[in-house]
Amino acid sequence: PQIIYLDEVDSTNNYARLMAEKINSDFLVVADKQTLGKGRMGRSWSSPAGVGIFMSLCIKPEMAVEKTSMITLVTAVSLCDAIEELYPINATIKWPNDIVINSKKISGILTEMSSDMDGIKYIISGMGINVNNKEFPDDIKDMASSLLLETGILADRSKLIAAVIYHFYKNMNIFLKTGDMSGLKENYENHLVNIGKDVKILDPKGIYQGVALGIDETGALLVNAEGKIKRIISGEVSVRG
Ligand code: BTN
């Protein structure tokens, strides 16, 4: 894809939204620093200069609006594939899309979509990766870590960006063959930390407790709760280990 590199921006997702109206093909916005990095559920994303990867990939797939959440899962496996290509470490996914190493969050994904009567206009997959950070702000330091802190390896960020994009398009091709997660389910589940573990799901309809079994072809988390299999759909749910 075309690459737009910025020294500083409020949020690469916001910038990509503006550019999506003007650029017809896929493109990638990369920034060294964000002044208003956005996380999921209205949270912020710590985005200091020089140490992280903050980027948003804008794609224009022809598919139903409901499938947008699956692109987040495609992105999550791609981040794991890229990290594992460059570092001698297992990257894991906390469903649906936090990348966790040694129980600490290394990377997060914020997917945004725009649609009209004809379907999806564009999807922006925003990725934040803590690469060479040596420290974190007090409020997140217990939960967050970086690839440097977990592996001792100081990495070239541009190599990791290239690897993420390579694996994203590789996995997107697998996804597009069926238009669902069936071709990527095995890869995704191999990275899923929750599998076989007790999870507590907090969603607007209630709290479920059970054992995570894996995902189905839509990307929903399957949970065995008192002998009944529940499908948990990503969105405003929170999963606690
Ligand atoms: C999360 O809450 O886990 C998602 C974090 C997503 C952060 C990335 S950094 C690049 C892109 N631009 C943003 O403002 N957010 C995403």
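Residues numbered from 1 in each chain as written. Predicted model: local features only at pLDDT ≥ 70, side-chain atom pairs only at ≥ 80, totals over all residues. Heavy atoms only, no water.

### A look at the pattern of salt bridges
Line of reasoning, step 1. Taken as a whole, this structure holds 10 salt bridges when the rule is applied.
Line of reasoning, step 2. Linking Lys33 and Glu8 is a salt bridge whose minimum nitrogen-to-oxygen distance equals 3.9 Å. Taken together, the positions of Lys33 in strand S2 (residues 27–34) and Glu8 in strand S1 (residues 2–9) put the pair 25 residues apart, joining distant regions of the chain.
Line of reasoning, step 3. A salt bridge links Asp216 to Arg231; the nearest nitrogen and oxygen atoms lie 2.7 Å apart. Here Asp216 is found in the loop between strand S9 (206–215) and strand S10 (221–225), whereas its partner Arg231 is found in strand S11 (residues 228–232), with 15 residues between them in sequence.
Line of reasoning, step 4. Asp216 sits in the buried class, given a relative accessible area of 11%.
Line of reasoning, step 5. Residues participating in the shared-partner salt-bridge network are Arg17, Lys38 and Glu112. (Salt bridge = Lys/Arg side-chain N within 4 Å of Asp/Glu carboxyl O. Helix = DSSP H or I, 4+ residues; strand = E, 2+ residues; numbered from the N terminus. Buried < 20%, exposed > 50% of the residue type's maximum accessible area, 1.4 Å probe, protein only.)

### Points about the domain arrangement of the chain
Line of reasoning, step 1. Under the domain assignment, the chain is made up of domain 1 (2–191) and domain 2 (198–240).
Line of reasoning, step 2. The centre of domain 1, based on its C-alpha atoms, is set 23 Å off from the matching centre of domain 2.
Line of reasoning, step 3. In this complex, domain 1 contributes 14 residues to the contact, which on the side of domain 2 involves 14 residues.
Line of reasoning, step 4. At the boundary of domain 1 with domain 2, total buried surface from both sides reaches about 1100 Å², with 68% on carbon and sulfur atoms.
Line of reasoning, step 5. Where domain 1 touches domain 2, the interface holds 0 salt bridges.
Line of reasoning, step 6. Counting every contact that joins domain 1 to domain 2 gives 4 residue pairs in polar contact (both at pLDDT 80 or more).
Line of reasoning, step 7. When contributions to the side of domain 1 that touches domain 2 are tallied by element, the ones reaching two or more residues are helix H2 (68–86) and helix H5 (185–191).
Line of reasoning, step 8. Here the side of domain 1 that touches domain 2 is composed, by residue class, of 7 nonpolar, 2 polar and 5 charged. (Domains from an automatic or database assignment. Contact = heavy atoms within 4.5 Å. Buried area = accessible area lost by both parts, 1.4 Å probe. Polar contact = N/O pair within 3.5 Å; in protein donor to acceptor, adjacent residues only side chain to side chain. Nonpolar A, V, L, I, M, F, W, Y, C, P; charged D, E, K, R; others polar.)

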